[in-house]
Amino acid sequence: MGRGRQKAKATKQAREIKYFTPNTDLSALERELAQSRGEIPAEEAISPEPEDESYGYDDLSERYGR
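Quick caveat: nothing in here was measured; it's all calculated off a predicted structure.

> So what about the overall build of the protein chain? Which residues, and what values?
The helix and strand inventory of the protein chain stands at 3 helices and 0 strands. Within the protein chain, buried positions represent 2% of all 66 residues.

> Could you give an account of the confidence of the model for the protein chain, naming the residues involved and the relevant values?
Per-residue pLDDT for the protein chain averages 78, and the proportion of residues at 70 or more is 67%. Per-residue pLDDT, averaged within each element of the protein chain, yields its smallest value for helix α3 (residues 58-64) (73) and its largest for helix α1 (residues 3-18) (94).

> So what's going on with α1? Residues and values would help.
The terminal C-alpha atoms of α1, which comprises 16 residues, lie 22 Å apart, in line with the 22 Å expected from a rise of 1.5 Å per residue. By the criterion of burial, α1 is predominantly exposed, with just 0 of the 16 residues buried.

> Please give an account of a nonpolar patch on the surface that cites residues and values.
Residues Leu26, Leu29 and Leu33 make up a contiguous nonpolar surface patch of about 280 Å² in total accessible area. When you line up the elements, Leu33 lands in helix α2 (residues 26-37). A relative accessible area of 42% means that Leu33 is categorised as partly exposed.

> Describe α2, naming the residues involved and giving the relevant values.
When the terminal C-alpha atoms of α2 are compared, their 16 Å separation across 12 residues agrees well with the 16 Å that a helix rising 1.5 Å per residue should span. Little of α2 is tucked away: 1 of the 12 residues are buried. Gly38 sits one or two residues past α2 and shows a positive phi near 90°.

Quick notes on the rules
Residues numbered from 1 in each chain as written. Predicted model: local features only at pLDDT ≥ 70, side-chain atom pairs only at ≥ 80, totals over all residues. Heavy atoms only, no water. Helix = DSSP H or I, 4+ residues; strand = E, 2+ residues; numbered from the N terminus. Buried < 20%, exposed > 50% of the residue type's maximum accessible area, 1.4 Å probe, protein only. pLDDT = per-residue confidence, 0-100. Expected span 1.5 Å × (residues − 1). Patch = residues over 30% accessible without salt bridge, like charges linked within 9 Å, V, L, I, M, F, W, Y side chains within 5 Å. Areas by Shrake-Rupley, 256 points an atom, 1.4 Å probe, with all protein chains shown as cover. Salt bridge = Lys/Arg side-chain N within 4 Å of Asp/Glu carboxyl O.

Here it is as structure tokens:
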């Protein structure tokens, strides 16, 4: 391929990349940004399950006598 055709092809590809506008899923972007800020939308909020206070401390209580 000659330099002229090579340059024309590179210019065409650069133009396609520059003006390419993909479809953006704005709702997915909103969820991602809310998640990174620590906010959770109301429809996705899940109430936390109550934690068992003794979880993980049974072996310590046996070891230290409490």
